[in-house]
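Architecture and fold: a report
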Amino acid sequence: EFGAVLEACKQYPRADTGKKDFGYGTAGFRMRADLLPSVIFAVGLLASIRSRKCKGSAIGVMITASHNPAEDNGVKIVDPEGEMMSEEWEWFATWLANARDPEGLVIFARDTRPSGEALVEALKAALVATGTEYIDYGIATTPQLHYLVRATNTLGSDREYGEVSIEGYYKKLSAAFMNTMHIEYANQAGPVYVDCANGVGAPQLKELLKYLPEDKFKAIIVNDKIDQPDRLNKRCGADWVKTQQRAPENFNGKDWDRWTSLDGDADRIVYYFCEEGSIFRLLDGDRIATLAADYIGELVHKSGLGEQIKLGVVQTAYANGASTKYIEKTLKLKVEFTPTGVKHLHHAAARQDIGVYFEANGHGTVLFSERALKALRKHQPQSTAQLNALTTLRALSEMINQTVGDALSDLLLVEVILSHKQWTVKEWLSTYADLPNKLMKVNVMDRNKFITVPGSAERRLERPPAIQPRMDEIIAKYQDARCFVRASGTEDAVRIYGEATHAMEVEEMLAQVQEYVI
Ligand code: 16G
Ligand code: ZN
């Protein structure tokens, strides 16, 4: 086997990247697609090893660069439960040297980027060379691949996740959605418009819609030009809308129309609309988290399980302070903070009975623990009201993707909540008022010099030592102000985030902080 690996390896020489090394960052490897073949080959080797180490469980490989430009691509590994790969790498090398049985299984998919096709060849070469069985699922969203990994590994067990196919994913989501509609809810204010970033979300949402009756769920798809690769994520999509704070290309919403944007691999979603006078209003990940926590918390209470099942919310430092305050003061729920990156939030949420986690950028989901699921199964409702709440909760636990944030599943979730509450975007927005805020990107000589205080969830800087004390003095001058600096995990830059009561103050504060960072 080793000879075959060496032989195949020669076909995928390392691209010249100068002094730069490839690094498995917050969301896997990501770079210009032409630099990637050797990296994908290595990931193929690694996935085959990881699968063998996990006693032959299926391991997933997703080829995507998510919200980044069309000429980029990337790759990440999905663990047996459908989660992001665990951080211990050293094991694999040892394992490579010793591996005999069992056989491995790697399943993979890619987004709509044309470069994906050749990268899949590099991946397959590594899998063939290591004698690893594989299944190519073609074009899929990142969360669909996570689903497939968990479904594969739970097949035949007492906790089967769903049919092992993309069709099975649609069936599971749509059936659960229909179960949330067990009571006749008045269809609310018009369809939802979905900007698919000209990416994989478009064909996959179209497919999902075939499983949903139009009188229960009506979506109008915008930006679905997957045959024009250079339009992917360009002036559209969740990342663009969130960072630009404006509507995407081809937006033609009337006032109060409900719009959403997915990102290029459909694991993020944000909502937005225009108020009278064309004022743009964003309903980001924080808003989805608060909406979901409010609604699910209410259902738990109504079902009579309030004493047994506790909800917790997980956020990052980027969550708007007003959302945190709303969760703690109005919803009276616990908030935990973790560093940026889905794997951190996911693990923290998994420790709750029901854990709601969302990054402000729109990536998130709601996790139901085994304990909570068992309580939902066992509970004997004492009234029709309890039964109704319980039925909805059970359906939601099936509809919400348990492996990772999933734009399609989150879309259904928000739509269910809005129709149950008979809310339009207006009522949703009015739950709290965001603090004015700003996110800045600063290019520095060496971002690795910026290290945050351990356990501070990136809210305080430890090094360089001079900066935080100066920042504290600046922040103290403003009311309800917050500001933090952290090195990006995906770009060669440092990010500065600030919020305060008035937008002018945010500007002033950030301008001063920036001076110390550069
Ligand atoms: C990655 C993360 C995202 C995070 C972002 C932060 C995943 C799947 N994606 O895109 O969650 O918000 O990085 O980027 O974990 P930054 O470190 O450059 O600010
Ligand atoms: Zn993404």
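All chains use their own residue numbering, which begins from 1 and follows the written sequence. Working convention: letters from A go to chains and numbers from 1 go to ligands, in the order in which they are written. Since the coordinates come from a predicted model, pLDDT governs what is reported: local features require at least 70, and pairs of side-chain atoms require 80 or more to be given and counted, while whole-chain, interface and lining totals use all residues.

A separate point is the overall build of the protein. Summing up its helical and strand segments, the protein has 17 helices and 19 strands in all. In terms of overall dimensions, the protein is globule-like: its C-alpha atoms have a radius of gyration of 23 Å, near the 24 Å expected for 518 residues. In terms of overall dimensions, the protein has C-alpha extents of about 65 × 60 × 45 Å along its principal axes. To assign burial, the other C-beta atoms lying within 10 Å of each residue's own C-beta are counted, with C-beta atoms placed from the backbone; 20 or more indicates buried, 12 or fewer indicates exposed, and intermediate counts indicate partly exposed. Across the 518 residues that make up the protein, the buried fraction comes to 48%. Placing a C-beta atom from the backbone of each residue, one calls two residues in contact when those atoms lie within 7 Å. Across the protein, the fraction of contacts at a sequence separation of at least 24, relative to all contacts at a separation of at least 6, is 72%. Only DSSP runs of H or I reaching four residues or more are called helices, and only runs of E reaching two or more are called strands; each is numbered from the N terminus. A radius of gyration in this sense is built from C-alpha atoms; the matching globule rule multiplies 2.2 Å by the number of residues raised to 0.38.

Joining buried Ala, Val, Leu, Ile, Met, Phe, Trp, Tyr and Cys residues through C-beta atoms within 7 Å gives a set, and that set is a nonpolar core. If you look at the biggest cluster of nonpolar residues, it comprises 128 residues, and the most contacted ones within it are V61, A292, I296 and V356. Of all hydrophobic cores here, the second largest spans 18 residues; its members include F484, A500, V506 and M509.

Here we take up helix α4 (residues 115-129). Given the number of residues in a helix, its expected span is that number minus one, multiplied by 1.5 Å. Here α4 spans 22 Å end to end across 15 residues, near enough to the 21 Å set by a 1.5 Å rise per residue. Buried within α4 we find S115, G116, L119, A122, L123, A125, A126, L127 and A129. Two residues or fewer after α4 comes G131, characterised by a positive phi angle close to 65°.

On to the site of ligand 1. In this analysis a residue is considered near a molecule or strand if the C-beta atom, reconstructed from its backbone, is found within 6 Å of that molecule or strand. The environment of ligand 1 is made up of 13 residues, and the closest members are A27, V342, S488, G489 and T490. For every domain, the bounds stem from an assignment made automatically or drawn from a database. Counting residues domain by domain, the shell around ligand 1 receives three or more from each of domain 3 (285-406) and domain 4 (437-517).

Taking the UniProt record as the reference, the feature "domain: Phosphoacetylglucosamine mutase AMG1" (unreviewed entry) is found at residues 177-270 and 284-423. Helix makes up 55% of residues 284-423 and strand makes up 14%, while its end C-alpha atoms are separated by 17 Å. UniProt positions are given in the numbering used here, feature names are shortened, and annotations may be inferred rather than shown by experiment.

So, about unusual backbone geometry. Cis peptide bonds are those with omega within 30 degrees of zero, and the linkage from R463 to P464 qualifies with -5°. If you trace the backbone, P464 turns up in the loop between β17 (461-463) and α16 (467-476). Although it is not a glycine, Q422 sits at a positive phi angle of roughly 55°. For Q422, the location among the structural elements is in the loop between α14 (407-421) and α15 (425-429).

Here the focus is the sheet that holds strand β15 (residues 437-442). In this scheme, strands are said to pair when DSSP sees at least two bridges between them. The strand order across the open sheet built from three strands is β15-β19-β18, with neighbouring strands paired in antiparallel fashion. Each end of this open sheet is capped by a strand with a single partner; those strands are β15 and β18 (482-487). Along the sheet, successive strands turn relative to each other by an average axial angle of 15°, direction set aside. Relative to strand β19 (residues 494-499), β15 is paired through six bridges, and the arrangement is antiparallel. When the sheet's bridge partners are listed, V442 is paired in β19 with V494. Here helix α17 (residues 503-517) sits on the sheet and contacts β15, β18 and β19; the angle it forms with β19, its principal contact strand, is near 150°. Helix axes are fitted only over the stretch in contact, all axes being lines through C-alpha atoms; the angle between N-to-C directions runs from 0 to 180 degrees.

Let us now look at the sheet that holds strand β4 (residues 105-110). Taken together, the five strands give an open sheet; going across it, the order is β1-β3-β2-β4-β5, and neighbouring strands pair in mixed fashion. Each having just a single partner strand, β1 (29-32) and β5 (133-139) make up the two edges of the open sheet. With strand direction ignored, the average angle separating the axes of adjacent strands in the sheet is 15°. One ladder, built from four bridges, connects strand β2 (residues 58-63) with strand β3 (residues 72-78); its direction is antiparallel. Its bridge partner lying in β3, G60 is registered against V78.

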